[in-house]
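# Understanding the architecture of this molecule
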Amino acid sequence: MLTNKKIIVTGCASGIGAETARLVKELGGTVIGVDRNEASENVASFFKVDFGDQNSIDALVQALPDGIDGIANIAGVPPTVDAETVIRVNLVGLKYFTEKMIDKLADGASIVNLASLAGLGWPNSVEQIKDAANLDFGQVADFVARHGIDKEQARSYFFAKEALVVWTMQNRWTWRDRGIRVNAVSPGAVETPILQDFLDTLGEKAEQARKVMDRAGTPKDIAPVVTFLLSDMTPWIRGTNIAVDGGQAANALCGMNGL
């Protein structure tokens, strides 16, 4: 599916990123790994970066080659990290990196953003999302204070994923003159090194999800959908957010609408 394709996988050192890198390689792709932690397995080359730092991203973009066929934006931090860092890494840094990479992408390239079930409530956050549309690194602290995002447990993570889902939809046609498409994948709880961080932070919400689910997801449940979207089999999927969560989003939506 990915023979001769050069794919950037951010967050390749662990969890869903590591499994995506493994699967991309298995399917014939060349993996360019990007992470803040060192990684050597399944990557043809590796670049270290801090997605919360604009200068670090600028240096990364300059170092990366041209002719990239896909980007899997998987790197991120959990809600146990401070609110400013969560928004800076999971939203501002991801968007900045992706936009800076457009000129280095091949025509027909695919961008896949790892969103989350946490982004399901984006319709209730439209005004906040609009206010964050052009947010840069230096404005994050003021934005967090203005909206009180640091006052509500895990709100920074939920907001970042809500805004990412919307940004994905808004860019459905932004680069279609070159055949470049962007989509998102939204897992629920996944067995990764940071799962406990989510459980500790979400508390009752996590317990409710545990009661209705047969099990947590695994990276092997998520990575195939990411690689499918990176392949040439999906040129007509644009601006879509695909729930890969064992039915959690469907369950939540039915409950919200009395079904």
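Notes on the structure in this doc start here. (Residues numbered from 1 in each chain as written. Predicted model: local features only at pLDDT ≥ 70, side-chain atom pairs only at ≥ 80, totals over all residues. Heavy atoms only, no water.)

## As for a nonpolar patch on the surface
Put simply, the rule is: The patches described consist of residues with a relative accessible area above 30% and no salt bridge, like charges being joined within 9 Å and nonpolar side chains (Val, Leu, Ile, Met, Phe, Trp, Tyr) within 5 Å. Areas reported as accessible are Shrake-Rupley estimates using a 1.4 Å probe. Residue values count occlusion only from the protein chains shown. Any Lys or Arg side-chain nitrogen located within 4 Å of an Asp or Glu carboxyl oxygen qualifies as a salt bridge. Exposure classes here rest on a 1.4 Å probe applied to the protein chains alone. A residue is buried below 20% of its type maximum, exposed above 50%, and partly exposed in between.
A cluster of nonpolar side chains, namely M1, F228 and M233, defines an oily patch on the protein surface of about 300 Å² accessible area. Since its relative accessible area comes to 45%, M1 is described here as partly exposed.

## Re helix 9 (residues 219–230)
Condition: Helix numbering and strand numbering both begin at the N terminus, where a helix is a DSSP run of H or I of at least 4 residues and a strand a DSSP run of E of at least 2. Expected helix span is computed as 1.5 Å times (number of residues minus one). The arc in question is formed by the directions pointing from the helix axis toward the C-beta atoms. Residues are treated as being in contact if the distance between any of their heavy atoms lies within 4.5 Å.
Its 12 residues give helix 9 an end-to-end C-alpha distance of 16 Å, which sits within 8% of 16 Å, the value for a rise of 1.5 Å per residue. P219, I222, A223, V226, T227, L229 and L230 are the residues of helix 9 that are buried. One face of helix 9 carries all of its buried residues, which in axial projection span an arc of 155 degrees. Buried residues in helix 9 make contact with strand 1 (6–10), helix 1 (15–26), strand 4 (68–73), strand 5 (105–114), strand 6 (181–187) and strand 7 (241–244).

## Looking at the sheet that holds strand 4
As a reminder, the rule being used: Being paired, for any two strands, means DSSP has found at least two bridges between them. Axis lines are fitted to C-alpha atoms, over the contacting stretch for helices. Their N-to-C directions set the angle, which ranges from 0 to 180 degrees.
Within the open sheet, the seven strands sit side by side as 3-2-1-4-5-6-7. Their pairing is parallel. Two strands lie at the open edges of the sheet, namely strand 3 (45–48) and strand 7, each paired on one side alone. Averaged over all adjacent pairs, the angle separating strand axes in this sheet is 20 degrees, with direction ignored. With four bridges joining them, strand 2 (residues 30–35) and strand 3 adopt parallel strand pairing. Bridging across to strand 3, I32 finds its partner in S45. Sitting on the sheet, helix 9 is in contact with strand 1, strand 4, strand 5, strand 6 and strand 7, with an inclination near 170 degrees to strand 6.

## Digging into the environment of T192
As for its placement among the helices and strands, T192 is situated in the loop between strand 6 and helix 7 (195–202). For T192 and G15, which are 177 residues apart along the polypeptide, the C-alpha to C-alpha distance reads 4.9 Å. Leave out the neighbours within four places in its chain, and T192 touches G15, I16 and P219.

## Focus: the environment of A39
Take A39: it is sitting in the loop between strand 2 and strand 3. Take A39: its relative accessible area is 13%, and that puts it in the buried class. Along the chain, A39 and A13 lie 26 residues apart, while their C-alpha atoms are 5.0 Å from each other. Setting aside its immediate chain neighbours within four residues, A39 contacts C12, A13 and F46.

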